[in-house]
There are 2 protein chains.
Amino acid sequence: MLKVNSNYQKLPGSYLFSTIAKKVAAFSKANPDKEIIRLGIGDVTQPLPPSVIEALHKAVDEQAAAESFKGYAPDLGYDFLRERIAECDYRSRGCDISSDEIFVSDGAKSDSGSIQELFDTDNIIAVTDPVYPVYVDSNVMAGRCGTYDEKTGCWSDIVYMPATAENGFVPALPETLPGVIYLCFPNNPTGTTLTLSQLQVFVDYANQNGSVIIYDAAYEAYISEEDVPHSIYECEGAKGCAIEIRSFSKNAGFTGLRLGFTVIPRELKVSGVSLHDMWTRRHGTRFNGAPYIVQRAGEAVYSKAGQSEIRNMIKKYMDNAAILRNGLKDMGYEVYGGVNAPYIWLKTPEGMSSWEFFDHLLNNACVVGTPGSGFGPSGEGYFRLTAFGTEANSKKALERISRL
Amino acid sequence: MLKVNSNYQKLPGSYLFSTIAKKVAAFSKANPDKEIIRLGIGDVTQPLPPSVIEALHKAVDEQAAAESFKGYAPDLGYDFLRERIAECDYRSRGCDISSDEIFVSDGAKSDSGSIQELFDTDNIIAVTDPVYPVYVDSNVMAGRCGTYDEKTGCWSDIVYMPATAENGFVPALPETLPGVIYLCFPNNPTGTTLTLSQLQVFVDYANQNGSVIIYDAAYEAYISEEDVPHSIYECEGAKGCAIEIRSFSKNAGFTGLRLGFTVIPRELKVSGVSLHDMWTRRHGTRFNGAPYIVQRAGEAVYSKAGQSEIRNMIKKYMDNAAILRNGLKDMGYEVYGGVNAPYIWLKTPEGMSSWEFFDHLLNNACVVGTPGSGFGPSGEGYFRLTAFGTEANSKKALERISRL
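Residues numbered from 1 in each chain as written. Chains lettered and ligands numbered in written order. Predicted model: local features only at pLDDT ≥ 70, side-chain atom pairs only at ≥ 80, totals over all residues. Heavy atoms only, no water.

Novice: Please clarify how the overall build of chain A should be interpreted in this entry.
Specialist: Counting its secondary structure elements, chain A contains 12 helices and 17 strands. Here chain A has a C-alpha radius of gyration of 21 Å; the compact-globule value for 404 residues is 22 Å, and the two agree. Out of the 404 residues belonging to chain A, those deemed buried represent 64%. Of the contacts made within chain A by residues no fewer than 6 positions apart, 73% connect residues no fewer than 24 positions apart. Separation of charge centres in chain A, based on 38 positive and 49 negative side chains, amounts to 5 Å. (Helix = DSSP H or I, 4+ residues; strand = E, 2+ residues; numbered from the N terminus. Rg over C-alpha atoms; globule rule 2.2 N^0.38 Å. Buried < 20%, exposed > 50% of the residue type's maximum accessible area, 1.4 Å probe, protein only. Contact = heavy atoms within 4.5 Å. Lys, Arg positive; Asp, Glu negative; His and termini not counted. Charge placed at Lys NZ, Arg CZ, Asp CG, Glu CD.)

Novice: Even after reading the chapter, I still don't get the nonpolar core, so can you show me in this structure?
Specialist: The tendency in soluble globular proteins is for nonpolar side chains to be buried side by side. Ranked by size, the top nonpolar core spans 275 residues in total, and within it Ile213(A), Leu275(A), Ile213(B) and Leu275(B) carry the most contacts. Setting aside its immediate chain neighbours within four residues, Ile213(A) contacts Ile181(A), Leu183(A), Phe202(A), Val203(A), Ala206(A), Ile232(A), Cys241(A), Ala242(A) and Ile243(A). (Core = buried A, V, L, I, M, F, W, Y, C linked by side-chain atoms within 4.5 Å.)

Novice: What am I meant to see in empty space enclosed by the protein here?
Specialist: Empty space among the atoms becomes visible once a probe the size of a water molecule is rolled across them. Considering all chains together, one arrives at four cavities of 30 Å³ or more under this definition. One number sums up the size of the largest cavity: a volume of about 260 Å³. Ser110(A), Ser114(A), Phe287(A), Ser110(B) and Ser114(B) are the residues nearest the centre of the largest cavity, which is lined by 20 residues in total. Broken down by secondary-structure element, the contributors of at least two residues to the lining of the largest cavity are helix H4 (108-114) and helix H8 (275-286) of chain A together with helix H4 (108-114) and helix H8 (275-286) of chain B. Here the lining of the largest cavity is built from residues that sort into four nonpolar, eight polar and eight charged. Roughly 70 Å³ of internal volume is contained in the second largest cavity. Forming the walls of the second largest cavity are Asp89(A), Ala217(A), Ala218(A), Glu220(A), Arg246(A), Ser247(A), Phe248(A), Asn251(A), Phe261(A) and Tyr302(A). (1 Å grid on protein atoms, 1.4 Å probe; cavity = no way out; pocket = protein on both sides within 12 Å on 5 of 7 lines; lining within 4 Å. Points joined across faces, edges and corners; volume = space filled by probe spheres on them. Nonpolar A, V, L, I, M, F, W, Y, C, P; charged D, E, K, R; others polar.)

Novice: Would you mind showing me how to read the relation of the copies chain B and chain A here?
Specialist: In this structure, two copies of a chain are linked by a rotation about an axis accompanied by a shift along it. Least-squares fitting of chain B to chain A yields an RMSD of 0.0 Å, with the transformation described by 0.0 Å of translation along the axis and a rotation of 180°. On this basis, the relationship between the two copies can be described by a two-fold rotation axis. Every residue of chain B has its C-alpha some distance from the rotation axis, and the shortest such distance is that of His57(B), at 3.1 Å. Most of the interface of chain B is mirrored in chain A, where 100% of its interface residues again form contacts. (Least-squares fit on C-alpha atoms with pLDDT ≥ 70 in both.)

Novice: Mind showing me how you'd approach the pairing of strand S9 (residues 242-247) of chain A here?
Specialist: Looking down a regular strand, the side chains alternate between one sheet face and the other. Residue and element names in this part refer to chain A. Counting buried positions along S9 yields six of six residues, so the element is predominantly enclosed. By the alternation rule, side chains of S9 split into Ala242, Glu244 and Arg246 and Ile243, Ile245 and Ser247, which are all buried. With four bridges joining them, strand S8 (residues 212-216) and S9 adopt parallel strand pairing. If you follow Asp216 over to S9, its bridge partner there is Ile245. (Pairing = 2+ DSSP bridges.)

Novice: Please explain the packing of aromatic side chains as it appears in this structure.
Specialist: Think of a pair of aromatic rings as described by two things: how far the centres are apart, and how the planes are tilted against each other in angle. Residues and elements named next belong to chain A. The full count for this structure, using the stated rule, is 46 aromatic pairs over all chains. Summarising the aromatic geometry, the rings of Tyr135 and Tyr182 are spaced 5.0 Å apart at their centres and angled 20° between planes, so their arrangement reads as stacked. Here Tyr135 is found in helix H5 (residues 134-141), whereas its partner Tyr182 is found in strand S7 (residues 180-184), with 47 residues between them in sequence. The two residues Tyr135 and Tyr182 agree in class, both being buried. Site record: aromatic cluster; members linked through ring pairs are Phe17, Phe169, Tyr336, Trp345, Phe375 and Tyr382. (Phe/Tyr/Trp six-rings, centres within 6.5 Å; stacked < 30°, edge-to-face > 60°.)

Novice: Sorry if this is basic, but what is going on with the interface of chain B and chain A here?
Specialist: When the parts of a complex come together, some accessible area is lost, and that lost area is often used as the size of the interface. Tallying the contact residues gives 80 residues for chain B and 80 residues for chain A. Taken together, both faces of the contact between chain B and chain A bury some 6,500 Å²; the carbon and sulfur share is 58%. Contact with chain A buries surface across chain B, with Leu2(B), Arg281(B) and Arg286(B) losing the most and accounting together for 13% of the total. Along the contact surface separating chain B from chain A lie six salt bridges. (Buried area = accessible area lost by both parts, 1.4 Å probe. Salt bridge = Lys/Arg side-chain N within 4 Å of Asp/Glu carboxyl O.)

Novice: So what exactly am I meant to see when it comes to helix H12 (residues 391-402) of chain A here?
Specialist: Three or four residues apart is the spacing at which side chains of an α-helix point the same way, because the helix has 3.6 residues per turn. All names here are of chain A. Counted at 1.5 Å a residue, the expected span for H12 with its 12 residues is 16 Å, and the 17 Å between its end C-alpha atoms agrees. For H12, the full list of buried residues reads Ser394, Ala397, Leu398, Arg400 and Ile401. Projected onto a plane normal to the axis of H12, the buried residues spread over an arc of 165° and lie on a single side. As for H12, its buried residues are in contact with strand S1 (37-38), helix H10 (304-330), helix H11 (354-365), strand S15 (367-368) and strand S17 (382-386). (Expected span 1.5 Å × (residues − 1). Arc of directions from axis to C-beta.)

Novice: Explanation requested: the pairing of strand S9 (residues 242-247) of chain B in the structure shown.
Specialist: Note that S9(B) and strand S10 (residues 260-263) of chain B share four bridges and pair antiparallel. Counterpart to Glu244(B) in the pairing with S10(B) is Val263(B).

Novice: Is there a simple way to think about the environment of Arg93(A) in this case?
Specialist: Residue and element names in this part refer to chain A. Relative to the elements of secondary structure, Arg93 occurs in the loop between helix H3 (79-90) and strand S2 (102-105). Expressed as a C-alpha distance, the spacing of Arg93 and Ser231, which sit 138 residues apart in the sequence, is 8.6 Å. Those residues in contact with Arg93 that sit more than four places away from it in its chain are Glu220, His230 and Glu234. In terms of polar contacts, Arg93 uses its side chain to reach the side chain of His230, at 3.2 Å. (Polar contact = N/O pair within 3.5 Å; in protein donor to acceptor, adjacent residues only side chain to side chain.)

Novice: I keep staring at the packing of H10(A) against H12(A) and nothing clicks. Help me out?
Specialist: Each pair of packed helices gets described by two things: the angle between the helix axes and the distance between those axes. Residues and elements named next belong to chain A. Closest axis-to-axis distance for the H10/H12 pair is 9 Å, and the angle between their directions is 10°. Classified by the interaxial angle, the pair formed by H10 and H12 is roughly parallel. Residues Asn320, Ile323, Leu324, Gly327 and Leu328 of H10 pack against Glu391, Ser394, Lys395, Leu398 and Ile401 of H12. In the contact of H10 with H12, the residues fall into five nonpolar, three polar and two charged. (Axes fitted to C-alpha atoms, helices over the stretch in contact; angles between N-to-C directions. Parallel < 35°, antiparallel > 145°, perpendicular 65-115°, else oblique.)

Take a look at the structure:
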């Protein structure tokens, strides 16, 4: 008899951001006259930069003529893009990554969710806590996480590495040896990050113990401090133990265009099996390439004009981050992040739970944020605001919060 | 200790079309002066139709201004597209499918490979044989297929439903009861299809036995005969047992643009569990929507001008199919398909194996096709040519084959 994948039934509620969307829709329906400010989901608001728009138009025109028409893209991405990535994101920072170690995809979310398929379902995974929910949810769906405890918010078989105000958001090494370690720095949701030497500790641990690190660097473009690594390959020995996932969503505004990539060094092997070969096989079988026009748009991000445009874009978001961060501090909130990442992480006031504060903010200030507990048990008592709104909205949100 | 997903090691060779690409590249390198005609991979060659190009330019311009910029798409697709699909592909044919049963994706290949995740790894799957390799390969990667026998080309745990000249390419019902049945009609690779009553037999069987049918209708736009269903939902009771996968690649030339969709009726349940709910959760967790500009391009396909343009496009390919089909028949080849699908399926001459004929054709006529055995054990002794080339190339290929 046919059986469904029973792991899906173990997942509590819906995907975090789908739940929030539903709550906001219900509020909006009940209060049609109220203007809602959305600082919840980490979606960008600035239009695509001129260089990207120009590249898109040009590529669309190529698709209109038989001589220049492009059908299926190469499985792993066009060389024109892979070479730019290897050069600009890696070699220019002293990381020895070659273009054939870059796998172009339709976004970091897809890759973050799919990468677990390379590993046996018996492996133990470790995550920093709180963290982007896709790592845990995709492993739950694959049957790797055991059972969920509603009371603690913990999965029985996941190794959590708490990052809270108490440890300065620098997680300790896992207490139980995991096979796969998910790290996201600059961190979503806390907006905090690690220094090079703090990250090196994880790389050394993985190399000593035969673990693989999945390093999500989707927010690296927001790093403003000197001693913070943009790539895990800045650490010694990382090519032997780490996969890195990157996105064009946050640095160049591609959330609605969809483009990302994953780096798997050729030397990364598990018991002699090349993860590079496995991911090559997966791409060939399960994916059909990112659109040609979108890969050309990605290429334009690396042009001189493109680089200058995205720096301006990031600056605007980081100005919002400073506004929110300083404004909330002035009101007496305990605030983290916002220096190397577009997220503000605040302690909920008066011992409110994360969801209580979510409702409080939505009902009384018409501001949408994201409850910290949605990112893991150690997120309870915290709350995330994004700097991806407009300056006007960021200021208006602050003003409304000040009147609470 | 970390273990990889050992199922990958069970896969023989690389993905079929990657293997062919490598062989062709090697030949090309050794014979730089020889002009190769590619009738292998089912990739389109005509440029995108004017309505689609116009929609793309317009949507790109929307992405250039803050007021009209679109970030993350709704998880399941924009309503403007889902509504056109439900109306034009289903309700206009008398199939009662609503827009919220349509899941927009980046293509039929992704959906074909991912859909198996909804089911337990213990389930038995059945496939028509030969068939598009993604169904089998994705299930092998998930650990559902047992072991591979190099000699027979069979997986120990897969139920094969042969479709050969002997049974007129109408597969019999499976001999062992499967949980999931993959059907692809019009069929890739044979180019043959089923009548409504022949398909109804499978629907009735699935309903009687609690199986789920995954129906890949990527080639429905090529159907020219009256009694051939365009959707499985034309069959009585199909909403209770069938998932349908569709593509914009072949009907509208989107192979390089990436757009497809999957239909999961709300009433389709397995032991009370809604597959619609499960796929909703998967989309929310593992996917971030197809690009806004590409969804607008998809919408344009349904405009009056778009429909007329794609009909012309399809006519050109089907003219090629007729040229190949008739030409090969005249030369004495035993030829199938090419009437309701852009594929020509021929019996290899003189008892050659499929790969022998591949090499023969490549080395002596510089024509690339696809060996039938790559699509399953019953494809051995057959060979696929696609009608997706240009008219000139189709004719030139014929001429070269005639001189063999």
